[in-house]
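# Topology and contacts: notes
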Amino acid sequence: MRFLVGAAVFWSVLAGSTVFAAPAEAKYSLCNLTSYAMRASIGYVDGDRLATRGWWPMNPGQCKIVLTNDVVPGRYFVFGEAIDGHKGPKRTWSGDTALCVENSGFFNLRNQEVCREEPQNQRAFMSVEVSNAADGTYTTNFVEKRTLTVYSAKVAGVQRLLSDVGMPVDNIDGTMGRETRRAIAAYRKNRGLPDGNSIDDEIISSLIDEANTNDAKLGFFYCNKSSDEVWAAIGYPANTEKSYKTEGWWQMDPGQCIKVIKGELEHDHYYVYGILGGGDAKSPDRVLLGGDKSLCVNDVIFSTDNRSSCADQDLDVAMFKRVEIGGSPVATYDFEDGAFAPTPTP
């Protein structure tokens, strides 16, 4: 099976990026001037190859050097994604160039073919053109619509994290006002941290750990309990019960589990679809049985709201299986061998 990533198939949000040159020692730096804790990676030409390197965890208001050699003029690629612990849809700072990453730990990849059939190991990087004016040094800022400084980004990040873990925060504005100081002091007291209302690395680390721990207990999970790889998609109600959004693909090896929807589940039912051991959306070998609703899919990674016909969107149709979860905030669907159609006879 070969599901390739195209230029417009990632459903991440490009919040924006600002680049500038600064007179300093030669290096390429990334700065997180957002209210989100994130991790970031970079793509660059390394000899005769295009390499990718990451992940660098970046707290709000934090900058990190990611390349220490002279920054030569040319094209670079950067990507950032917020931690899972933040509430709401996954936030990314992305573009339209699909490059390879590892999903955990630090990586340095010089072969962009290794993820060709592994969409979960691809990200959509945005390109950055570095001119001669950079003079060996360059910085890319990850930003939001609201302009934040290093300090106000740190404050806004703590405000967002406090809200994520259930503390009362009225605004995420980067202003260290009375309400924010009260929330910080209350959090410190409740979590056994040193008293006070200041921001330091200890409280930021505690907030990130707690937000991620809470998120790990919520969402919709797929587990592959079959004897072969599974390619999966999911559907769920959009604005109304008559409109459904579908997303895919996730590739899972036998024994692997992945989260396909983050955060507390909002609906009482979902639609699941899977292909076992090969094929593609148009002519799958072994599809999940029990499908009772036709929804749109595509051969590449996709996200569609199904408000218009699949044909009008130049998409294919697949039969998704309804799964009732009864209002639970978390659910897991297991793909097993017996749930798929028998192997076709040659």
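Thresholds applied
- Residues numbered from 1 in each chain as written.
- Predicted model: local features only at pLDDT ≥ 70, side-chain atom pairs only at ≥ 80, totals over all residues.
- Heavy atoms only, no water.
- Phe/Tyr/Trp six-rings, centres within 6.5 Å; stacked < 30°, edge-to-face > 60°.
- Helix = DSSP H or I, 4+ residues; strand = E, 2+ residues; numbered from the N terminus.
- Buried < 20%, exposed > 50% of the residue type's maximum accessible area, 1.4 Å probe, protein only.
- Expected span 1.5 Å × (residues − 1).
- Polar contact = N/O pair within 3.5 Å; in protein donor to acceptor, adjacent residues only side chain to side chain.
- Disulfide = S-S within 2.5 Å.
- Pairing = 2+ DSSP bridges.
- Axes fitted to C-alpha atoms, helices over the stretch in contact; angles between N-to-C directions.
- Contact = heavy atoms within 4.5 Å.
- Salt bridge = Lys/Arg side-chain N within 4 Å of Asp/Glu carboxyl O.
- pLDDT = per-residue confidence, 0-100.

### Focus: the packing of aromatic side chains
Geometrically, a pair of aromatic rings is defined through the distance of the ring centres and the angle of the planes. Per the counting criterion, the structure on display carries 19 aromatic pairs. For the ring pair Tyr28 and Tyr138, a centre distance of 5.8 Å and an interplane angle of 50 degrees mean the geometry is tilted. Of the two residues, Tyr28 is situated in strand β2 (residues 27-33) and Tyr138 in strand β11 (residues 137-143); the sequence distance between them amounts to 110 residues. Since its relative accessible area comes to 0%, Tyr28 is described here as buried. Relative to Phe107, the ring of Trp55 has its centre 5.8 Å away and its plane inclined at 75 degrees; by these criteria the two rings are edge-to-face. In this pair, Trp55 is assigned in strand β4 (residues 49-58) and Phe107 in strand β9 (residues 107-109), connecting sequence segments 52 residues apart.

### Observations concerning helix α3 (residues 201-216)
Residues three or four positions apart in an α-helix share a direction because the helix packs 3.6 residues into each turn. The end-to-end C-alpha distance of α3 is 22 Å, a good match for the 22 Å that 16 residues give at a rise of 1.5 Å each. Where α3 begins, the capping side chain belongs to Asp200, and its oxygen is found 3.2 Å from the backbone nitrogen of Glu202.

### Here we look at the state of the cysteines
One way to say it: the disulfide is the covalent bond shared by the sulfur atoms of two cysteines. Following the criterion strictly, the structure yields four disulfides and no others. In this model Cys223 forms its disulfide with Cys257; the gap between the sulfur atoms is 2.0 Å. Looking down the S-S bond of the Cys223 and Cys257 bridge, the torsion is 115 degrees, so its handedness is right-handed. Of this pair, Cys223 sits in strand β12 (residues 219-224) while Cys257 sits in strand β15 (residues 257-261), placing them 34 residues apart in sequence. Numbered in order of appearance, the disulfide-bonded cysteines of the chain are paired 1-2, 3-4, 5-6, 7-8.

### Observations concerning the sheet that holds strand β20 (residues 330-335)
Here three strands make up an open sheet; going across it, the order is β15-β12-β20 and the pairing mixed. Strand pairing shows two members of the sheet lacking a second neighbour, β15 and β20, which therefore form its edges. Within the sheet, the average angular offset between the axes of one strand and its neighbour, ignoring direction, is 25 degrees. Looking at chain direction, β12 and β20 are connected through six bridges and run parallel. Bridging from a neighbouring strand, Asn224 pairs with Phe335 of β20.

### Observations concerning the side chain of Lys27
The topology assignment puts Lys27 in strand β2. The contacts of Lys27, once residues within four sequence positions are left out, are Ile65, Leu67, Asn69, Val71, Gly136, Thr137 and Tyr138.

### A look at the environment of Asp312
Its location among the elements puts Asp312 in the loop between β18 (302-304) and β19 (316-324). Within the structure, the side chain of Asp312 is placed 3.0 Å from the side chain of Ser309, a separation counted as a polar contact.

### Examining the pattern of salt bridges
Inspection of every chain in the model, using the stated rule, returns 11 salt bridges. The partner of Arg110 in a salt bridge is Asp46, with the nearest N and O atoms 2.9 Å apart. Here the residue Arg110 occupies a position in the loop between β9 and β10 (122-130), and Asp46 occupies one in strand β3 (residues 38-46), the gap between them amounting to 64 residues. Taking the relative accessible area as the measure of exposure, Asp46 reaches 27% and is therefore partly exposed. In this structure, the salt-bridge partner of Glu129 is Arg75, at a minimum N-O distance of 2.6 Å. Of this pair, Glu129 sits in strand β10 while Arg75 is found in strand β6 (residues 74-82), placing the two residues 54 residues apart along the sequence. On the basis of relative accessibility, which here comes to 46%, the residue Arg75 falls in the partly exposed class. Shared partners join several salt bridges into a network, and the residues in it are Arg39, Glu81 and Arg123.

### A look at the environment of Tyr28
A sequence separation of 38 residues divides Tyr28 from Val66, and the C-alpha atoms of the two residues are 5.8 Å apart. Discounting chain neighbours no more than four positions away, the residues touching Tyr28 are Ile42, Lys64, Ile65, Val66, Leu67, Val71, Tyr76, Val78, Val128, Val130, Tyr138 and Thr140. Only 2.7 Å separates the side chain of Tyr28 from the side chain of Thr140, close enough to count as a polar contact.

### What to know about unusual backbone geometry
Here Gly54 and Trp55 are connected by a cis peptide whose omega angle stands at -10 degrees. A cis amide bond links Gly248 to the next residue, Trp249, at an omega of 5 degrees. Tracing the chain through its elements places Trp249 in strand β14 (residues 244-252). The phi angle at Asp135 is positive, at roughly 55 degrees, despite the residue not being glycine. Locating Asp135 in the fold gives a position in the loop between β10 and β11. Asp135 gets classed as exposed once you look at its relative accessible area, which sits at 68%. Of note in the backbone geometry, Asp314 takes a positive phi value of approximately 60 degrees without being a glycine.

### Section: the confidence of the model for the chain
Residues at a pLDDT of 70 or more form 89% of the chain, whose mean pLDDT is 88. Counting contacts from residues 1-24, a segment whose pLDDT is below 50, to residues more than four positions away or on other chains yields 76 contacts.

### A look at the sheet that holds β19
Within the open sheet, the six strands sit side by side as β17-β19-β16-β13-β14-β18. Their pairing is antiparallel. This sheet does not close on itself; its edge strands, each paired only once, are β17 (293-297) and β18. Ignoring strand direction, the axes of neighbouring strands in this sheet form an average angle of 30 degrees.

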